[in-house]
Amino acid sequence: MKIILDRPRCEGHGLCEEAAPQLMHLDDEGELVLDREEFDAADAALANAAVRVCPVAALRIA
């Protein structure tokens with residue numbers, strides 16, 4: 001599975017980072033960085049949580 005970031009839509013709220021710090025982080029400028037775009041079933045709950053908490057729907061799972 002893969003998590004996809006719609007960068008122009010992302011506003012850097014950081015809620016996704018809090019939900020899934022193993023998969024992503026905010027850089028020094030407040031931009032979201034996906035540390036791992038690909039993830040396995042063990043991390044699916046984290047990825048789904050990150051998608052759910054994004055207030056601007058900038059993340060999706062494919």
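Residues numbered from 1 in each chain as written. Predicted model: local features only at pLDDT ≥ 70, side-chain atom pairs only at ≥ 80, totals over all residues. Heavy atoms only, no water.

1. Some details on the overall build of the chain
Next up, step 1: Looking only at helices and strands, the chain features two helices and four strands.
Next up, step 2: Reading the chain from its N end, one meets helices and strands in the order β-α-β-β-α-β.
Next up, step 3: For 62 residues, the compact-globule estimate of 2.2 N^0.38 gives 11 Å, and the chain sits close to it at 10 Å.
Next up, step 4: If one aligns the C-alpha atoms of the chain with their principal axes, the spans along those axes are about 30 × 20 × 15 Å. (Helix = DSSP H or I, 4+ residues; strand = E, 2+ residues; numbered from the N terminus. Rg over C-alpha atoms; globule rule 2.2 N^0.38 Å.)

2. Some points on the nonpolar core
Next up, step 1: Ile3, Met24, Leu32, Leu34 and Leu59 are the most contacted members of the largest nonpolar core, which totals 16 residues.
Next up, step 2: At the level of secondary structure, the elements contributing two or more residues to this core comprise β1 (3–5), β3 (32–34) and α2 (44–53). (Core = buried A, V, L, I, M, F, W, Y, C linked by side-chain atoms within 4.5 Å. Buried < 20%, exposed > 50% of the residue type's maximum accessible area, 1.4 Å probe, protein only.)

3. A few points about the side chain of aspartate 43
Next up, step 1: Assignment of secondary structure puts aspartate 43 in the loop between β3 and α2.
Next up, step 2: What makes aspartate 43 buried here is its relative accessible area of 14%.

4. Re the pattern of salt bridges
Next up, step 1: Per the stated rule, a full pass over the model turns up three salt bridges.
Next up, step 2: The salt bridge partner of lysine 2 is glutamate 37, with a shortest N-O separation of 3.7 Å. Of this pair, lysine 2 sits in the segment before β1 while glutamate 37 sits in the loop between β3 and α2; the two residues are 35 residues apart in sequence, bridging distant segments of the chain.
Next up, step 3: Judged by relative accessible area, lysine 2 falls into the partly exposed class, the value being 32%.
Next up, step 4: Among the ionic pairs, arginine 36 bridges to aspartate 43, the shortest N-O distance being 2.2 Å.
Next up, step 5: Residue classification places arginine 36 among the partly exposed positions, given a relative accessible area of 32%. (Salt bridge = Lys/Arg side-chain N within 4 Å of Asp/Glu carboxyl O.)

5. Points about α2
Next up, step 1: When α2 is considered as a whole, its buried residues turn out to be Ala44, Ala47, Ala49 and Ala50.
Next up, step 2: The secondary structure elements touched by the buried residues of α2 are β1, α1 (15–19), β2 (24–26) and β4 (59–61). (Contact = heavy atoms within 4.5 Å.)

Purely geometric stuff here, so don't read any function into it on its own.
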